[in-house]
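Coordinate inspection notes
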Amino acid sequence: MNYNEIHAAAKDCVGPYCKNCPVCNGLACGNSMPGPGCKYPGNAAARNYSKWQEIFVNMDTLCPNCDPDVSFELFGKTFKAPIFAAPLGSIDMHYGPKYKDQEYNSILIKAAYEYGLLALTGDGVNPEIMKSAVEDMKKVQGIGIPTIKPWNKEFVFEKLDILNESGIFAAAMDVDGAGLPFLKAMNPNAGSKSVDEMKEIVSYAKMPFIIKGVMTVAGAKKAVESGAKAIVVSNHGGRVQGGVPSTAEVLPAIADAVKGRIKIFVDGGIRSGVDVFRALALGADAVLIGRPILNMIYGGGEEGFKVYMDKIVGELKSTMTMCGAATLKDIDRSKIWLG
């Protein structure tokens, strides 16, 4: 099956909240929750998408003719491209009943590994979700990144015990989920973490630790101070906090402040290889993509993942060729036009 066929097939099994739009731009779902929307005013996803489109690439074909190298090294392992699958949770509730989290993650982890990429997986109130993802990662040499909610510290340690014993590649925490109701209802209250608490969590992990949900320079500096090896610039806390800027808007200042001291990923609204190029030019080391991958897995399983990644990686290589970038290191702000 080709991209259009798989995307069309997804229409029969996603919804009713996700509309399987031709371009996932956040306009049709808005603040529909449950679903892929976000808290009032419901424009976080749409703003993420639109702000990438306001950045233009600078063409330059007066350069050596070569096949661009898009390989990416992270924590001592080389991946096929700097494009990873973002963690998603409550799959059946938000996107449609075809898959539950465990089934979706199982397909995603295997497909990403076989392609030469990496999948981050979500967490939830059901502890079996993370345990199941870990078992699937163990089948592929531990390659994957379970993302832990900002639970009480003791509960986080329990989850890290499982990862530490299983040889998992890296761990993450989506700190922008701090306002989720099920965290606030815990006794004692869970959610936000101090730098000292994050230091304890990061040092407890026996693998590189990633903090997801950083949206300010101050937050990025705190992540560096905590000992984390990477951050994800992400505003998916916009599901519980409205009125947030896009990731494209805050990325440059964060990169200026901490690049070289910590790996920088960015998540939110990246929908093409051109968008990947834009993100790298603004200072990201790699990107995460979530919802479009989900739609392609709903429509075509592992084949859907491969077809989608062929499309995105191909677009990135084409953009690099047209902009005179032979390697990822050649992509900097001189390659884009901000107006």
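In this text, all values refer to a predicted model and were calculated from it rather than measured experimentally.

Our focus in this paragraph is the overall build of the chain. Each helix and strand in the chain was counted, giving 12 helices and 12 strands. Expected size for 339 residues packed as a compact globule is a radius of gyration near 20 Å; at 19 Å, the chain falls within 12% of this value. Dimensions of the chain, computed from C-alpha atoms along their principal axes, come out at roughly 60 × 45 × 40 Å. Relative to its 339 residues, the chain shows a buried fraction of 56%. Taking the contacts inside the chain whose residues are at least 6 apart along the sequence as the reference set, 71% of them involve residues at least 24 apart. About 13900 Å² of surface is accessible on the chain, with carbon and sulfur atoms providing 54% of the total.

Under the counting rule described, the total for this entry stands at 20 salt bridges. One salt bridge connects Glu-249 with Lys-51, and the closest N-O pair in it is separated by 4.0 Å. Within this pair, whereas Glu-249 is found in helix H10 (residues 247–258), its partner Lys-51 is found in helix H2 (residues 44–53), the two being separated by 198 residues in sequence. For Glu-249, a relative accessible area of 35% corresponds to the partly exposed category. Members of the salt-bridge network, linked through shared partners, are Arg-47, Lys-51, Glu-54 and Glu-249.

What is expected of a backbone is that most residues other than glycine have negative phi and most peptide bonds are trans. In this chain, Gly-15 is followed by Pro-16 through a cis amide linkage whose omega measures 10 degrees. Take Pro-16: it is sitting in the loop between helix H1 (3–10) and H2. Although it is not a glycine, Asn-20 sits at a positive phi angle of roughly 50 degrees. Tracing the backbone shows Asn-20 in the loop between H1 and H2. The backbone of Ser-90 shows a phi angle near 50 degrees, a positive value even though the residue is not glycine. Its place among the elements puts Ser-90 in the loop between strand S4 (83–85) and helix H3 (91–95). Accessibility expressed as a relative area gives 31% for Ser-90, which makes it partly exposed.

Here we come to H2. The buried count for H2 comes to seven of 10 residues, which makes it a mostly enclosed element. Listed as buried for H2 are Ala-44, Ala-45, Ala-46, Asn-48, Tyr-49, Lys-51 and Trp-52.

Before going further, it helps to examine the pairing of strand S6 (residues 145–148). Along S6, one buried face is formed by Ile-145 and Thr-147 and the opposite face, lined by Pro-146 and Ile-148, is buried too. With two bridges connecting them, strand S5 (residues 120–121) and S6 associate as parallel partners. Paired with Thr-121 across the strands is Pro-146, a residue of S6. Between the parallel pair S5 and S6, the chain is carried across by helix H5 (residues 128–138), and the sense of this crossover is right-handed. Sheet topology places S6 next to strand S7 (residues 171–174); two bridges connect them, and they run parallel. Counted as the bridge partner of Ile-148 is Met-173 from S7.

Our next topic: the side chain of Asn-105. Within the element layout of this structure, Asn-105 appears in helix H4 (residues 101–115). Here Asn-105 is in contact with Thr-121, Ile-129 and Ala-133, once residues within four sequence places are set aside.

The N-to-C vectors of helix H8 (residues 195–204) and helix H9 (residues 217–226) enclose an angle of 45 degrees; their axes lie 8 Å apart at closest approach. The angle between the axes of H8 and H9 places the two elements in the oblique class. By crossing handedness, the relation of H8 to H9 is classed as right-handed. In this structure, H8 uses Val-195, Met-198, Lys-199 and Val-202 to contact H9, whose residues at the interface are Lys-222, Glu-225 and Ser-226. Residue classes in the contact of H8 with H9 are distributed as three nonpolar, one polar and three charged.

Pairing is parallel in the open sheet, where eight strands are placed in the order S4-S11-S10-S9-S8-S7-S6-S5. Edge positions in the open sheet fall to S4 and S5, since each of these has one partner strand only. Seen against the sheet, H5 touches S5 and S6 and runs at an angle of roughly 165 degrees to S6. Running over the sheet, H10 touches strand S8 (209–214), strand S9 (230–233) and strand S10 (263–267) and is turned about 175 degrees from S10.

Along the polypeptide, Leu-180 turns up in the loop between S7 and helix H7 (181–184). Overall, the relative accessible area of 18% leaves Leu-180 in the buried class.

Take the pairing of S10 next. For a regular strand, the rule is simple: side chains alternate between the two faces of the sheet. Across the five residues of S10, four count as buried, placing the element largely inside the fold. Strand direction decides the pairing type here: S9 and S10, joined by four bridges, are parallel. Following the sheet pairing, Val-233 is matched in S10 by Val-266. By the bridge criterion, three bridges tie S10 to strand S11 (residues 286–289) in an arrangement that is parallel. Following the sheet pairing, Asp-267 is matched in S11 by Leu-288.

What counts and what doesn't
- Residues numbered from 1 in each chain as written.
- Predicted model: local features only at pLDDT ≥ 70, side-chain atom pairs only at ≥ 80, totals over all residues.
- Heavy atoms only, no water.
- Helix = DSSP H or I, 4+ residues; strand = E, 2+ residues; numbered from the N terminus.
- Rg over C-alpha atoms; globule rule 2.2 N^0.38 Å.
- Buried < 20%, exposed > 50% of the residue type's maximum accessible area, 1.4 Å probe, protein only.
- Contact = heavy atoms within 4.5 Å.
- Areas by Shrake-Rupley, 256 points an atom, 1.4 Å probe, with all protein chains shown as cover.
- Salt bridge = Lys/Arg side-chain N within 4 Å of Asp/Glu carboxyl O.
- Pairing = 2+ DSSP bridges.
- Right-handed = clockwise from strand over helix to strand, strands pointing away.
- Axes fitted to C-alpha atoms, helices over the stretch in contact; angles between N-to-C directions.
- Parallel < 35°, antiparallel > 145°, perpendicular 65-115°, else oblique.
- Left-handed = near helix turned anticlockwise from the far one by under 90°.
- Nonpolar A, V, L, I, M, F, W, Y, C, P; charged D, E, K, R; others polar.

So, to be careful, I would describe these as geometric facts and stop short of saying anything about function.
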